[in-house]
Amino acid sequence: MGTGTRSAVGPARPVAPLLRVLAVIAATLALGHWAAGPVTRAEAAATAALARWCGLPTARQLPGTDLVHGFHGHQPFFIRISPSCSALTVAAACAGVSLLVLGGSRHRRLVGAAAAVALFTAANLVRLVAVLRVGQDHGVPAMIAFHDWGGTLWSYLMLLLAVLLMVALRIEKGSEEGSRR
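Residues numbered from 1 in each chain as written. Predicted model: local features only at pLDDT ≥ 70, side-chain atom pairs only at ≥ 80, totals over all residues. Heavy atoms only, no water.

Participant: Outline the overall build of the protein chain, supporting the account with residue identities and numerical values.
Facilitator: A count of helical and extended segments in the protein chain gives five helices and three strands. When the helices and strands of the protein chain are read in sequence order from the N terminus, they spell out α-β-β-β-α-α-α-α. The buried share among the 181 residues of the protein chain stands at 30%. When contacts within the protein chain are restricted to residue pairs at least 6 apart in sequence, long-range pairs at least 24 apart make up 63% of them. (Helix = DSSP H or I, 4+ residues; strand = E, 2+ residues; numbered from the N terminus. Buried < 20%, exposed > 50% of the residue type's maximum accessible area, 1.4 Å probe, protein only. Contact = heavy atoms within 4.5 Å.)

Participant: So what's going on with helix α4 (residues 140-168)? Residues and values would help.
Facilitator: Residues three or four positions apart in an α-helix share a direction because the helix packs 3.6 residues into each turn. Compared with an ideal rise of 1.5 Å per residue, which puts 29 residues at 42 Å, α4 spans 39 Å between its outermost C-alpha atoms and is within 8% of the ideal. Along α4, the sharpest change in direction is near 35° and occurs at Phe146. Every buried residue belonging to α4 is among Met143, Gly151, Met158, Ala162 and Met166, and all of these are buried. (Expected span 1.5 Å × (residues − 1). Bend = angle between axes of the 7 residues up to and from the residue.)

Participant: Explain the layout of surface pockets to me, using residue names and the numbers behind them.
Facilitator: Rolled over the atoms, a probe as big as a water molecule pinpoints where empty space is left. Its volume calculated, the largest pocket comes out at about 260 Å³. The wall of the largest pocket is formed by 16 residues, among which Ser84, Val90, Phe120, Arg127 and Ser155 lie closest to the centre. Elements supplying a minimum of two residues to the lining of the largest pocket: α2 (88-101), α3 (106-138) and α4. Broken down by element, the lining of the largest pocket gets its largest block of residues, six residues, from α4. In terms of residue class, the lining of the largest pocket is built from seven nonpolar, eight polar and one charged. (1 Å grid on protein atoms, 1.4 Å probe; cavity = no way out; pocket = protein on both sides within 12 Å on 5 of 7 lines; lining within 4 Å. Points joined across faces, edges and corners; volume = space filled by probe spheres on them. Nonpolar A, V, L, I, M, F, W, Y, C, P; charged D, E, K, R; others polar.)

Participant: Describe a nonpolar patch on the surface, and please don't skip the residues or the numbers.
Facilitator: A grouping of Leu18, Leu19, Val21, Leu22, Ile25, Leu29, Leu99, Leu100, Val101 and Leu110 is seen on the molecular surface, where their side chains present a nonpolar patch of about 860 Å² in accessible area. If you tally residues by element for the nonpolar patch, the top one is helix α1 (residues 15-53), at six residues. (Patch = residues over 30% accessible without salt bridge, like charges linked within 9 Å, V, L, I, M, F, W, Y side chains within 5 Å. Areas by Shrake-Rupley, 256 points an atom, 1.4 Å probe, with all protein chains shown as cover. Salt bridge = Lys/Arg side-chain N within 4 Å of Asp/Glu carboxyl O.)

Participant: Can you explain the nonpolar core? Please cite residues and give values.
Facilitator: By size, the foremost hydrophobic cluster in this structure holds 15 residues, and its most contacted members are Ala51, Leu67, Ile79, Ile81 and Leu132. Secondary structure elements with two or more residues in this core: α1, β3 (74-80) and α3. Per-element tally for this core: the top contributor is α3, with four residues. Apart from the residues lying within four places of it in its own chain, the contact partners of Ile81 are Thr40, Glu43, Ala44, Thr65, Leu67 and Leu128. (Core = buried A, V, L, I, M, F, W, Y, C linked by side-chain atoms within 4.5 Å.)

Participant: Please give an account of the packing of α2 against α4 that cites residues and values.
Facilitator: Two quantities define a packed helix pair, namely the angle between the axes and the distance from one axis to the other. Between α2 and α4, the shortest axis-to-axis distance is 11 Å and the interhelical angle comes to 20°. When the interaxial angle is binned, α2 and α4 end up roughly parallel. Relative to α4, α2 is oriented so that their crossing is right-handed. Of the residues in α4, those in contact with Val90, Cys94, Val97 and Ser98 of α2 are Leu159, Ala162 and Met166. The residue inventory of the contact of α2 with α4, partitioned by class, reads six nonpolar, one polar and no charged. (Axes fitted to C-alpha atoms, helices over the stretch in contact; angles between N-to-C directions. Parallel < 35°, antiparallel > 145°, perpendicular 65-115°, else oblique. Left-handed = near helix turned anticlockwise from the far one by under 90°.)

Participant: Tell me what's going on with the environment of Leu159, and back it up with residues and numbers.
Facilitator: Relative to the helices and strands, Leu159 resides in helix α4. Taking the relative accessible area as the measure of exposure, Leu159 reaches 30% and is therefore partly exposed. When the C-alpha positions of Leu159 and Ala91 are compared, they lie 8.7 Å apart, and in sequence the two are 68 residues distant. Leu159 has contacts with Val90, Cys94 and Phe120, leaving out every residue within four places of it along the chain.

Participant: Please provide a residue-by-residue account of the packing of α3 against α4, values included.
Facilitator: Interaxial distance between α3 and α4 falls to 9 Å at its minimum, and their mutual angle equals 165°. The angle between the axes of α3 and α4 places the two elements in the roughly antiparallel class. When the axes of α3 and α4 are compared, the crossing they make is right-handed. Among the residues forming the contact of α3 with α4, the class breakdown is 20 nonpolar, six polar and one charged.

Given below as structure tokens:
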């Protein structure tokens with residue numbers, strides 16, 4: 001070992017992957033802070049529109065990120081789409097992981113990022129409408145419990161699916177055929 005040879009254990013540049021992960025975290029936090037207002041307003045509008053399309057005719061967006069939803073036999077309630085309810089930070093993190101952390105060609109990284117962002121954004125809108133549906137059918141306490149527990153589990157499941165999708169989009173068909181021979 002004293003002859004200046006390098007050990008074969010570990011990556012040649014152990015700092016580079018860590019720096020890419022830290023860059024993803026920093027960019028995600030910065031984007032979450034910078035774009036939270038416009039994105040949550042758009043999500044509030046999309047949630048109200050999707051809720052009405054799904055048979056919740058009283059869901060409406062108020063100015064900003066607030067929704068009002070009234071239903072039979074209950075007083076209307078107000079919902080704020082906060083940055084923590086938004087798909088923005090998780091979708092941005094998925095895009096960053098796809099673009100900077102996972103390997104593959106530039107095309108595969110871009111497709112993976114776009115697919116993960118689309119999946120998580122659509123799944124989050126479904127989650128928000130489901131919260132409204134539970135509130136309409138079972139009242140505000142059930143809605144809050146569903147938002148806190150069911151919504152959290154749903155978000156983790158969708159994050160897992162987004163990561164699996166990003167990885168699956170990197171598997172080249174030619175490598176599968178080559179390994180069979």
